[in-house]
Amino acid sequence: MISGVLEDWLGEYILNISKENLKVGAIRGKIKLENVELDGDLIGSHVLGAVGLSGFGVLSCWARSLRISIPWGSLEKSPTKLQIHGLHLICVPLLPSP
């Protein structure tokens, strides 16, 4: 059940997510994924908009590693942590609407 919820939530951001990696990691509260392909449209809209580059689109987006730490014993007191290392975005300028 836990891995299913995580898969649904992370599946919005991560393409081709491995169910087996999630299942094993979720039980321990530590998930580590390597060479992760991310949803460029979704990530790009958040990242590029935040730094004032909303006139660009994302062709591809991936991360060298993604780590998630879930404190199952103290969910109400401790934060769930998400770390992204080596984020790569390939961006192109968007053409203005005619």
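To be clear, the structure that these remarks concern was listed above.
Anyway, here's the lowdown on the structure attached to this text. Only a predicted model underlies this, so the values are computations on that prediction, with no experimental measurement involved. (Residues numbered from 1 in each chain as written. Predicted model: local features only at pLDDT ≥ 70, side-chain atom pairs only at ≥ 80, totals over all residues. Heavy atoms only, no water.)

**Brief notes about the overall build of the protein chain**
- Across its full length, the protein chain holds three helices and three strands.
- In the protein chain, the succession of α and β elements from N to C terminus is α-α-β-α-β-β.
- Counting only residues that meet the buried cut, the protein chain has 27% of its 98 residues in that class.
- For the protein chain, the share of sequence-separated contacts (at least 6 apart) that also reach a separation of at least 24 residues comes to 60%.
- Carbon and sulfur atoms make up 58% of the accessible area of the protein chain, which totals about 6,800 Å². (Helix = DSSP H or I, 4+ residues; strand = E, 2+ residues; numbered from the N terminus. Buried < 20%, exposed > 50% of the residue type's maximum accessible area, 1.4 Å probe, protein only. Contact = heavy atoms within 4.5 Å. Areas by Shrake-Rupley, 256 points an atom, 1.4 Å probe, with all protein chains shown as cover.)

**Observations concerning the pattern of salt bridges**
- Inspection of the entire model under this criterion finds one salt bridge.
- In this structure, Lys32 engages Glu34 in a salt bridge whose closest nitrogen and oxygen atoms are separated by 3.2 Å. (Salt bridge = Lys/Arg side-chain N within 4 Å of Asp/Glu carboxyl O.)

**Focus on the sheet that holds strand β3 (residues 81-93)**
- Taken in spatial order, the three strands make up an open sheet running β1-β2-β3, and their pairing is antiparallel. Bordering the open sheet on either side are β1 (30-37) and β3, each of which pairs with just one other strand. Pairwise comparison of adjacent strand axes, ignoring direction, gives a mean angle of 20 degrees for this sheet.
- Both β1 and strand β2 (residues 56-69) contribute to a ladder of seven bridges, which runs antiparallel. Residue pairing across strands places Lys32 opposite Arg67, the latter belonging to β2.
- Running at roughly 90 degrees to β2, helix α3 (residues 40-50) makes contact with β2 and β3 of the sheet. (Pairing = 2+ DSSP bridges. Axes fitted to C-alpha atoms, helices over the stretch in contact; angles between N-to-C directions.)

**Let's talk about α3**
- Of the residues making up α3, those classed as buried are Gly40, Ile43, Gly44 and Leu48. Within α3, the buried residues cover an arc of 105 degrees as seen down the axis, which keeps them to one side. Residues of α3 that are exposed and point more than 90 degrees away from the buried face comprise His46 and Ala50.
- In this structure, the buried residues of α3 make contact with β2 and β3.
- Of the residues flanking the start of α3, the one acting as N-cap is Asp39, its side-chain oxygen 3.1 Å from the backbone nitrogen of Asp41.
- Gly52, located one to two residues past α3, shows a positive phi value of around 80 degrees. (Arc of directions from axis to C-beta. Polar contact = N/O pair within 3.5 Å; in protein donor to acceptor, adjacent residues only side chain to side chain.)

**Considerations on the side chain of Ser65**
- Along the chain, the position of Ser65 falls in strand β2.
- Apart from residues lying up to four places away in sequence, Ser65 is in contact with Leu33, Glu34, Gln83, Ile84 and His85.

**A look at the nonpolar core**
- Formed by 16 residues in total, the largest nonpolar core has its most connected members in Ile14, Ile31, Leu33, Val36, Leu38, Leu66 and Ile68.
- Elements that contribute at least two residues to this core include exactly α1 (2-11), β1, α3 and β2.
- Examining the composition of this core, we find that five residues originate from one element, β2, more than from any other. (Core = buried A, V, L, I, M, F, W, Y, C linked by side-chain atoms within 4.5 Å.)

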